[in-house]
Every structure is written in structure tokens, then in C-alpha cells.
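Chain by chain, the residues run as shown.
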Amino acid sequence: MTEILTPDICVIGGGPGGLSAAAAAAAFGVSTVLVEHGKMGGDCLNTGCVPSKALLAAARRAELMRNADKFGVTIQSVGVNFAKVRDHVQGVVAAVAPADSVERFTGLGVRVIQASARFQDRKTIIAGDIEIRARRFVLATGSAPSIPAIRGIDEGPYLTTDSIFELKGRPEHLVIIGGGSAGLELAQAFRRLGSSVTVLEAAQPLAQDDPECAAIVIDRLEREGVVIHRDVNVIAVTHAGATVTTTIETAGTEQTITGSHLLVAAGRKPAIDELNLAAARIRHDHSGIVVNRKLKTSNRRVYAIGDCAAGQLKLTHAANYQAGLVIRNALFRLPVRVSNDAVPWVTFTEPELAHTGLTEAQARARRMKIRIARWPYHDNDRAQTERETHGHIKVITTRKGTIVGASIVGVQAGELIGMWALAISQRLNIRALTGVVLPYPTLGELGKRVAIDFFAPGLTSPWVRRIIAWMRIFG
Ligand SMILES: Cc1cc2nc3c(=O)[nH]c(=O)nc-3n(C[C@H](O)[C@H](O)[C@H](O)COP(=O)(O)OP(=O)(O)OC[C@H]3O[C@@H](n4cnc5c(N)ncnc54)[C@H](O)[C@@H]3O)c2cc1C
């Protein structure tokens, strides 16, 4: 070994979880080492959130132009230059990259080592020719696309989210295995950019979401021309020249679908194989590194956060949140307990689908006595001015009105869900939203209107009816 380091904190993985942990530790002035073997920024910056949202933004522009005539704006024809779309996507990644760079983290006081990390024993990690014996380790090695065992799939090329943003030309017909968030976001993006798109989903698309909200997204995608096959079993893949054929089976009937490109977006597996976890006696299984409510592993020196931790939400903001918890616990021994009760998740299709807290199904499974309030985008004036009237907000409360969950499907749902995450984390009663004064006309008013509607039955009481009658008589 050329060097032996003994930092307070050693973080493995320079994705959102690892970067947040390293930045927080360095901000408290403790010696911090970060080991990253690939690109800084992890999946989120390089192959996940950022490029996918940039691609969706390009696709949205194309769709807005196609529909501009309903605003009285005429556009002769909409052209998509796929090479330039790719440049735009790469340009956005490059614009965000400095915030996650080696230079920035070195400037924050973090020692960044660009190598692959693996445990040598319970207390030591080897990264290249450096030995690291840290007081605490934080594992944030993320995840990788999971490839289902389908006959023939490996006998030719297929895309994953690791490679799709590098495509130089637009796929003629993109066949996507997987109808979760990532699969459907990419389905809509490529369809709007001019590809034919077929989605093959083993169960129901967006199965983790409220079905009535998910149905609105799925309906929109289908109306835009995305073909979605549900409850299908993909039994074989055949590569032939420039085509790829999938054989699917639904209710005992076989069918083939031939496309130009195959994208596998069928879930992710934890990226833990290189870590040599056995040497550190860290328990793990196929779903990731086993952690307790403090995000500690079976080795008391080691925490795991983000996509590599079993049972945690696989989202950038969840990894960031967990990083904050482990740094508080590791540095200050503060009692922490991971809670996903109010962590939102968003599918960035159009309409967007956002959720936080319990879904109706989860609340009913817990035998909670709940009330449900809904308010449609159609009755929101800003939605009307934008001609974005599809969708609704659905709020789940206890009988007494404590907010326990919210789903929003519609334009900017991802921006609107934050208020509900706050409401749930603060255990607010929906009554709190009835009195807030919001700017008009904004989509934010949807939240106030659903709250007022929650109390609407009270407006039919005889007492209230009498007041309304008086008001009518006396003006
Ligand atoms: C297409 C797509 C779209 C997505 N969109 C969103 C979205 O809109 N919003 C959202 O919240 N989430 C989104 N996600 C999920 C999000 O990207 C992940 O949840 C997030 O990146 C997880 O962060 P992480 O730090 O746990 O891991 P990662 O971002 O995967 O980072 C892990 C890092 O560890 C490094 N590493 C691994 N092993 C080692 C080792 N042995 N030694 C050294 N380094 C190692 C890797 O190179 C990598 O850089 C999306 C994911 C995909 C695929």
C-alpha cells in the first residue's frame, strides 16, 4: 500500500447519497474520504434523473408545438433533430456536473479517491493502492439495471437506462420491457420525439401508485400512441439484423412484437458485488445491504444508504435524506430513525403523477378509518388558462381530517406535492389549508379547494342553509 488513511468518515459511492453524506461530514469539519470508481454524480446525474428529465423536456416542447393551434398559434411543421436533442441532454448533464465534481468536493475539504472500493476486513477498505481505516463507513454504491432471464436476450444488443441517453439516432420502434416510472417516462419521451413505442409490462403499469391516478397517465400515453401490453410474460427475444423481436404470452396466447430497439427497464439490483461485504461481515441479500432503522448494517462501523440499502425508496431525495440521518448519528450520536411516511415520489410523464404518504389501498390495508377528498384540475382557473385540465388531487385523511396521504395527477403535480409532504410530516389537519391565502390564478389553489370541499357536507346543515338564505334576502 502506498498510503494508509484514517479519516473520521469514509463514503463509498459518489452518487446523490454519497455526495450528500460527504458534503455534510466535511461541513462539520471532520476528515472525510470519498471513493468513486466511475463518474461523479452517480446514476442520478449521468444515467437517471437528469438526462431523463432533459429528454422529457425536449419531448414536451415538440408536443406543445403540435398542439399550439388550440391557442391560436400556428406552426407549419414540427421537426425533431435527434442528434441535437442528444446534445441538449448531454449539455444539461454537463451544466449540472460541476456541482458534483471532484474539484468541488476537494474544495469542500473531501479527499476524493477515484478507484473501486472493497472491504479487506471489518475495519478496512482498499481503494486502488490506498488502505482506509475510517471511524465510520457510509456505503452508497447505488444500483444497476436488472436484466430478466429471458431466452435469447443476451444474444444481441439491448439498451438499458445506462446506454439509452447515448443513442445517436432516433429508434424507429422502441420496445420497452417494464412499465414502471422510468419505462413510462422514456416511452412518452420517445413517442413524442417521433418513435413508435411499445411497452411490455408483467403486471399493471405504475403499480406502486394509486390506480385511479395511474389510469389517467396510462390513458394519456395510449392516446399519444404508446402501445401498452399489460399482464404479459416476455418469453423470448430474437435479434436479427437491425430488428429485435419479443415473443410475449398473455393468458395462454403467444404473440410477437418486432421493433428496432429493445430497452430493458425492468427494475434495478443493488450494486454491491465489488464490495466484498463478507469480509466486513455485513449482511446482505438480493435486495441490498440489510440495515436497521438507523441505517446501520450488521457491522456497527458501517451504514448503508440510497439504492444499495435493502427496503429503502430508490430515489435521489430519499438517498439525500438518509445521508443527513447517518451523518447526524455518526458524528453526534443523535438518535435517528428513517421514516418514509412523507417521502414523495413522482413520475415525470405528462400529466405528472406525484404521491406522498399512504395510498388509499395502504390506508385501507391498515384498517384505518379514512376520508377521501378530491378536486379536479378542470375546476382550477389556471389549469383552464393553460388548457391543462386533465387530472385531480386526491387527499386521504383520518376521520378527523389529519392528512395521511396525497396523490396528484396533472400538470406540475411534482411541484404541488411538496406542500402535502410538509402537511403529513407536520401531522396537519386539512382544515389548516382552508384559511391560507394563495395567489390567483395558480395551480396551488387546488390544495385549498380540496380542503374546502372536505368540509362541504357541513354547508348543507340547516344552520348554514339559514345563513345562506338570509344573505340572499338581505344581499
Ligand atoms: C432513468 C432513471 C430515472 C430516474 N429518475 C429519478 C427522478 O426523477 N427522481 C429521483 O428521485 N430518482 C430518480 N431515479 C433514481 C435515482 O437515480 C437513484 O435513486 C439515485 O441515483 C440513487 O443514488 P445513490 O447515491 O444511492 O446511488 P447512485 O446514484 O447509483 O450512485 C452510486 C455511485 O457509487 C459508485 N460505486 C458503486 N460501487 C462502487 C465501488 N465499489 N467503489 C467505488 N464506487 C462505487 C457508482 O459508480 C456510482 O457513481 C432515476 C433512475 C433512473 C435509472
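Up top is the structure these notes are about.
Treat the numbers as computed from the prediction; the structure is a model and nothing was measured. (Residues numbered from 1 in each chain as written. Predicted model: local features only at pLDDT ≥ 70, side-chain atom pairs only at ≥ 80, totals over all residues. Heavy atoms only, no water.)

(A) View of the overall build of the chain. Across its full length, the chain carries 13 helices and 25 strands. By sequence separation, contacts in the chain at least 24 residues apart represent 62% of the contacts at least 6 residues apart. As displayed, the chain offers around 22,600 Å² of accessible surface, 53% of which is attributable to carbon and sulfur atoms. Distance from the positive charge centre (55 side chains) to the negative charge centre (43 side chains) of the chain: 10 Å. (Helix = DSSP H or I, 4+ residues; strand = E, 2+ residues; numbered from the N terminus. Contact = heavy atoms within 4.5 Å. Areas by Shrake-Rupley, 256 points an atom, 1.4 Å probe, with all protein chains shown as cover. Lys, Arg positive; Asp, Glu negative; His and termini not counted. Charge placed at Lys NZ, Arg CZ, Asp CG, Glu CD.)

(B) Representation of helix α1 (residues 16-27) within the structure. The terminal C-alpha atoms of α1 lie 16 Å apart, and with 12 residues this matches the ideal 16 Å at 1.5 Å per residue to within 8%. Along α1, the residues that are buried comprise Pro16, Gly17, Gly18, Leu19, Ala21, Ala22, Ala25 and Ala26. In the segment just after α1, glycine 29 is the residue with positive phi, at about 80°. (Expected span 1.5 Å × (residues − 1). Buried < 20%, exposed > 50% of the residue type's maximum accessible area, 1.4 Å probe, protein only.)

(C) Up close: the layout of surface pockets. Estimates place the volume of the second largest pocket at around 940 Å³. If you trace the second largest pocket, you find 33 residues lining it, with Arg60, Leu64, Glu350, Glu388 and Val411 closest to the centre. Only α3 (49-66), α6 (181-192), α7 (211-223) and α10 (381-385) provide two or more residues apiece to the lining of the second largest pocket. Counting residues per element, the lining of the second largest pocket draws most heavily on α3, which supplies seven residues. For the lining of the second largest pocket, the class distribution of residues is eight nonpolar, nine polar and 16 charged. (1 Å grid on protein atoms, 1.4 Å probe; cavity = no way out; pocket = protein on both sides within 12 Å on 5 of 7 lines; lining within 4 Å. Points joined across faces, edges and corners; volume = space filled by probe spheres on them. Nonpolar A, V, L, I, M, F, W, Y, C, P; charged D, E, K, R; others polar.)

(D) Geometry of the site of the ligand. Surrounding the ligand, one finds 37 residues, the nearest of these being Gly17, Glu36, Lys53, Asp307 and Thr316. Note that an oxygen atom of the ligand is positioned 3.4 Å from one of the backbone N or O atoms of lysine 314. At 2.9 Å from an oxygen atom of the ligand is found a main-chain nitrogen or oxygen belonging to threonine 316. Looking at the shell around the ligand residue by residue, the classes come out as 11 nonpolar, 18 polar and eight charged. (Near = heavy atom within 4 Å. Polar contact = N/O pair within 3.5 Å; in protein donor to acceptor, adjacent residues only side chain to side chain.)

(E) Spotlight on the packing of aromatic side chains. The full count for this structure, using the stated rule, is four aromatic pairs. Above the face of the phenylalanine 454 ring, arginine 371 is positioned so that its terminal group lies 3.9 Å from the ring centre. (Phe/Tyr/Trp six-rings, centres within 6.5 Å; stacked < 30°, edge-to-face > 60°. Lys NZ or Arg CZ within 6 Å of the ring centre and 35° of its normal.)

(F) Seen up close, the nonpolar core. Counting 54 residues, the largest nonpolar core has Ile9, Val35, Ile113, Phe119, Ile132, Leu139 and Ile289 as its most contacted members. For this core, the element with the most residues is helix α8 (residues 316-332), which contributes six residues. If near-sequence neighbours (up to four positions away) are discounted, isoleucine 289 is found in contact with Leu139, Ile272, Leu275, Leu277, Ile282, Arg283, His284, Thr297, Ala304, Cys308, Ala309 and Ala310. If you look at the next biggest cluster of nonpolar residues, it comprises 34 residues, including Leu174, Leu186, Leu206 and Leu353. (Core = buried A, V, L, I, M, F, W, Y, C linked by side-chain atoms within 4.5 Å.)

(G) Expanded view of empty space enclosed by the protein. A full pass over the atoms with the stated rule returns one cavity of 30 Å³ or more. In this structure, the largest cavity encloses a volume near 50 Å³. Lining the largest cavity are Leu55, Phe82, Val85, Arg86, Val89, Ile164, Phe165, Leu167 and Phe190. In terms of residues, the lining of the largest cavity owes the most to one element, helix α4 (residues 82-96), which gives four residues. A class-by-class count of the residues in the lining of the largest cavity yields eight nonpolar, no polar and one charged.

(H) Quick peek at the pattern of salt bridges. Scanning the entire structure with this criterion turns up 19 salt bridges. The shortest N-O distance in the salt bridge between lysine 53 and glutamate 185 comes to 2.8 Å. With lysine 53 in helix α3 and glutamate 185 in helix α6, the pair connects residues that are 132 residues apart, well separated along the chain. Relative accessible area serves as the criterion here: at 5%, glutamate 185 is assigned to the buried category. In this structure, the salt-bridge partner of glutamate 222 is arginine 230, at a minimum N-O distance of 3.2 Å. Judged by relative accessible area, glutamate 222 falls into the partly exposed class, the value being 33%. Shared partners join several salt bridges into a network, and the residues in it are Asp210, Glu212, Glu360, Arg364, Arg374 and Lys394. (Salt bridge = Lys/Arg side-chain N within 4 Å of Asp/Glu carboxyl O.)

(I) Structural view of the sheet that holds strand β3 (residues 32-35). Strand order in this open sheet of five strands is β4-β3-β2-β8-β20, and the pairing throughout is parallel. Only two strands of the sheet have a single neighbouring strand rather than two, namely β4 (110-113) and β20 (302-304). Between one strand axis and the next, the sheet turns by 20° as a mean value, whatever way the strands run. Direction of pairing for strand β2 (residues 9-12) relative to β3: parallel, over a ladder of four bridges. Paired with valine 11 across the two strands is leucine 34, which belongs to β3. Here α1 sits on the sheet and contacts β2, β3, β4 and β8 (136-139); the angle it forms with β3, its principal contact strand, is near 165°. (Pairing = 2+ DSSP bridges. Axes fitted to C-alpha atoms, helices over the stretch in contact; angles between N-to-C directions.)

(J) Fine view of the sheet that holds strand β22 (residues 352-357). Spatially, the five strands line up as an open sheet ordered β21-β22-β25-β24-β23, and their pairing is antiparallel. Edge positions in the sheet fall to β21 (345-347) and β23 (370-376), since each of these pairs with one other strand and no more. Averaged over all pairs of adjacent strands, the angle between their axes in this sheet comes to 10°, without regard to strand direction. Note: β22 against strand β25 (residues 403-410), six bridges, orientation antiparallel. Looking at the pairing, threonine 356 lines up with alanine 406 of β25. Along the sheet face, helix α11 (residues 413-425) touches β21, β22, β24 (392-398) and β25 and points at about 175° away from the line of β25.

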